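Here's the letter readout for the chains.
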Amino acid sequence: MPAEEAPLMSESPDDGREAYDFASIQDRWLPVWDEMAPFRSGRPDDERPRKYVLDMFPYPSGDLHMGHAEAYALGDVIARYWVQRGFNVMHPIGWDAFGLPAENAAIKNGEDPVRWTYENIEQQKSSMRRYACSFDWDRLLNTCDPEFYRWNQWLFLQMYERGLAYRKDSAVNWCPKDQTVLANEQVVAGLCERCDTPVTKKKLNQWYFRITDYADRLLEDMQQLEGAWPEKVLLMQRNWIGRSTGAEVQFAVEGRDEPVTVYTTRPDTLYGATFFVVAADSDLAAELATGTEAESEFAAYLERVKRLSDVDRMDSARAKSGVFLHRYAVNPVNGERIPIWASDYVLSDYGTGAIMAVPAHDQRDLDFARAFGLPVRVVVASEADPAVTGEATADDGPHVNSGPLDGLCKAEAIAAIIEVLEERGTGRPAVNYRLRDWLISRQRYWGTPIPIVHCASCGEVPVPLDQLPVTLPPVEGLDPKPQGTSPLGGATDWVATACPRCGGPALRDTDTMDTFVDSSWYYLRYTNPQDDTAPFDPDLVREWLPVDQYVGGVTHAILHLLYSRFFTKVLFDMGLVDFTEPFTRLLNQGMVVMDGSAMSKSRGNLVRLSDELAVHGVDAVRLTMVFAGPPEDDVDWAEVSPSGSKRFLARAWRLSGDVASEPGVDPAAGDLGLRKATHHALHDAATAVESFRFNVAVARAMELVNATRKAIDSGPGAADPAVREAAEAVAIMLSLVAPYTAEDMWSRLGHEPTVALAGWPAVDPALLVEETVTCVIQVAGKVRDRIDVPPGIGEEDLRALAMASPGLVKALEGRAVRTVIVRAPKLVNVVPA
RNA sequence: GCCCCUUUAGCUCAUUGGUAGAGCGCUCCCUUGGUAAGGGCGAGGUACCGGGUCCGAUUCCCGGAAGGGGCUCCA
């Protein structure tokens, strides 16, 4: 035998003894895939059934990090799985490219946000390719492209036309650091979501989307999502919308022509109202205080309230404060005169900004009453006296001190009192929501300009559709630093324009839109990102949407997901889409943490993705992310083993070099035990993937690798057809998680690329059935023997077999039998007398 | 304070009203011509605690503990 056929130090890829070298495998297959574009989803002749798998798109604020690596590895398992199952999968990607992170970084580096953003996008795009994401690269989109944000403006104008976009003066959330307003959803525990600065209030004229009009539908349509979205997200949305039912009740106010309406969820406690409170920062409070002896005290109090940050305001330990306005309200049911106070514990923007206070049965009212020595009157019978205990009672019970309501329970009393109020015209049933309208204007540069022109004679004028997009002026000459008013105001040439209505001189609106506007509909745009005639083609959207599977972080549980649901309903009402929920199924992946806490530079526990990829390879990092646990759980990089993943991949890969049969060999002749293992693994892995237990699917693949190794080394041997069947199944299973390794295995097994399109092997049900089942024989619930029986054994046969089994006879010790419970074929339980 | 989730091997997690499993890790053995490796054997569990239902509970119900998450002046 010539020496070169059995070399000691071979570099030949075919001698079955070379080491697993992830770097060269990556270099070999990436260009092949680039050429093949296996995940292109737009071919018109494609007959496969469609599926839309969507990953939340990234902010281009630097290169990809560990969090991206996890999210995209998980999304890729789903997308690649459905491709293997024969679907035409649309799996697009784009960039959420407007917004504060990009702009702040740009400000800091003194760079043009445009160039900075596009450079980062290029960087991320190339990293995603190397990470082998199964994206359809023909469908890229950037929200900062005028071709995209043009349609933000178009949609804004559609909403404007329908009264769903409007401007109002209001006390808004203000971040003093970013110098911009924030939506309620962007204020987290009183802090700016972006920079953690305590948020203050500022009275400003701002643009809103009327999401509150859709509050009920946002709530009701959640029925469609039950079981398909994480329960946690549905709960958070429900809480956020915060629907409450009750009644509006009118109180006459002495010395005022109009009555004042309050909202209450407990109209049944109306007889227990002992005082009346208006929100200190409401117009009503100012009006009522004017001209009274409380006027100056009130003014001083109001000043204090205005200075309060949200953090201080929400401190639940804070004592109640307020001012008696020396005015009185009249209880509509009993004519009682009750004092009116102003306090900051009543919110000016919820309900009517005024409440009736029932201290006996509302803790906040009781705290206030005790602070200011106001009376407490029990109207729902309870054992303890709230005035003494300091604990308001909220239980149901017979009403007392309540005139006609006496003796009624809560539900009866509510119904009765509402009837009375309606008869007298002093009240009616009412519903309120915690949800507020969505504030969308931002005083920042890097966003979509609001397509409105302000004209001295015509007022607010929408920019005509044929003049869209209103493009951002170049940043040169502008000061993008936050200064409280939009930087666009500095672009005087841009601001000065002609009124589209009268042609006279007019000024452009200088605010930009919240970037959540972009992400509220981008998933529709992927169906044709190049469309320059419409935001999307309704026909294409009908073919692809709604999204079958959405994958992203739970951080967007409220913001992005609620806004997207809102937009979808608006578009449905406009007749542009034929569904009311955009995302049929949702998977929230966890975070990647290090030693139990979030990674950050300042904490010193930052793991760089590029370092991990260099050391372990793309496949090992992806596998580690997927195998770490259920996808919803956090991955602690300190607790996982990428080198273990790499070792496993090497072991799997080596199988492909050991297989000694030819491609296409009939597996039916192969070793039955290994064939069963293969088909069990394929079946279980598929079930696991479909129920998001990707870690379990990986474990099944690992077991199959072990079984195959054993078959080669100490079983039927490398030439057995079952070994090839098993190795090919391993390659296909691994193609979801470790595409490079899988492709190389596939090639070494004698197949053409790409394994990604090989198709999930059909599982033979006959191979999933066991010939015998182990039956457990118990005495009084304790295992005493076990026997092998056919799976189809009848109850009587099994009983007879069991009663004769030595273990049972011994355990019974001749005792009489009271009952025998037979659960064929798995169990017999004998209960002695 | 209110609500939700979790608790099974050293770790990460499966499973099931009826024999408690996997992967990783670990011990030991083999290999030293797959070797900055490979193969094999094995150990390891009172299924958080306490009650209840049941012939039988890790699984279902109730209570408690621990951990995690959400909400938090929304009348």
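Small disclaimer: the values here were computed from a predicted structure and weren't measured.

Rules of the game
- Residues numbered from 1 in each chain as written.
- Chains lettered and ligands numbered in written order.
- Predicted model: local features only at pLDDT ≥ 70, side-chain atom pairs only at ≥ 80, totals over all residues.
- Heavy atoms only, no water.
- Pairing = 2+ DSSP bridges.
- Helix = DSSP H or I, 4+ residues; strand = E, 2+ residues; numbered from the N terminus.
- Contact = heavy atoms within 4.5 Å.
- Axes fitted to C-alpha atoms, helices over the stretch in contact; angles between N-to-C directions.
- Polar contact = N/O pair within 3.5 Å; in protein donor to acceptor, adjacent residues only side chain to side chain.
- 1 Å grid on protein atoms, 1.4 Å probe; cavity = no way out; pocket = protein on both sides within 12 Å on 5 of 7 lines; lining within 4 Å.
- Points joined across faces, edges and corners; volume = space filled by probe spheres on them.
- Nonpolar A, V, L, I, M, F, W, Y, C, P; charged D, E, K, R; others polar.
- Near = heavy atom within 4 Å.
- Buried < 20%, exposed > 50% of the residue type's maximum accessible area, 1.4 Å probe, protein only.

A. Quick look at the sheet that holds strand S9 (residues 200–209). With antiparallel pairing, four strands are arranged side by side in an open sheet as S6-S5-S9-S17. Pairing within the sheet leaves two strands with one partner each, and these edge strands are strand S6 (180–182) and strand S17 (438–439). Judged from the three bridges that link them, strand S5 (residues 165–175) and S6 form a sheet pairing that is antiparallel. By the bridge assignment for S6, Trp 174 is matched with Val 181. Packed onto the sheet, helix H5 (residues 146–161) meets S5 and S9 and runs at close to 90° relative to S9.

B. Quick look at the environment of Tyr 433. In this structure, Tyr 433 sits in strand S16 (residues 427–433). Distance in space between the C-alpha atoms of Tyr 433 and Thr 245 is 8.8 Å, their sequence separation being 188 residues. Ignoring any residue separated from it by four or fewer positions in sequence, one finds Tyr 433 in contact with Ala 215, Asp 216, Ile 241, Gly 242, Arg 243 and Tyr 350. A distance of 2.7 Å separates the side chain of Tyr 433 from the side chain of Asp 216, its partner in a polar contact.

C. Structural view of empty space enclosed by the protein. Taken as a whole, this structure holds three cavities of 30 Å³ or more when the rule is applied. Approximately 170 Å³ is the volume found for the largest cavity. Gly 99, Leu 100, Arg 442, Asp 514 and Thr 515 are, among the 18 residues lining the largest cavity, the residues nearest its centre. Elements represented by at least two residues in the lining of the largest cavity include exactly helix H3 (100–109) and strand S23 (512–513). The greatest single-element share of the lining of the largest cavity, amounting to three residues, is contributed by H3. Residues that form the lining of the largest cavity fall into these classes: seven nonpolar, five polar and six charged. The computed volume of the second largest cavity comes to approximately 110 Å³. Every residue lining the second largest cavity is counted, 15 residues in all, and those nearest its centre are Ala 697, Val 698, Ala 701, Met 733 and Val 737.

D. Fine view of the protein's contact with RNA strand B. Around RNA strand B, a shell composed of 48 residues is seen, among which Thr 265, Arg 318, Arg 364, Arg 434 and Asn 829 lie nearest. The sugar-phosphate share of atoms of RNA strand B within 4 Å of the protein amounts to 62%. Between RNA strand B and Arg 647 there is a distance of 2.4 Å, counted from a phosphate oxygen to a side-chain nitrogen or oxygen. Measuring from a base nitrogen of RNA strand B, one finds a side-chain N or O atom of Gln 778 at 3.0 Å.

E. Expanded view of unusual backbone geometry. The omega torsion of the bond from Leu 468 to Pro 469 falls at 0°, within 30 degrees of zero and hence cis. A cis amide bond links Pro 753 with the next residue in sequence, Thr 754, at an omega value of 10°. Structurally, the position occupied by Thr 754 is in the loop between helix H25 (739–748) and strand S29 (773–779). Located in the positive-phi region is His 326, a residue other than glycine, with phi close to 60°. Take His 326: it is sitting in strand S13 (residues 323–330). His 326 sits in the partly exposed class, given a relative accessible area of 35%. Unusually for a residue other than glycine, Phe 692 sits at a positive phi of about 65°. Along the chain, the position of Phe 692 falls in the loop between helix H22 (672–690) and helix H23 (694–714). For Phe 692, a relative accessible area of 12% puts it in the buried group.

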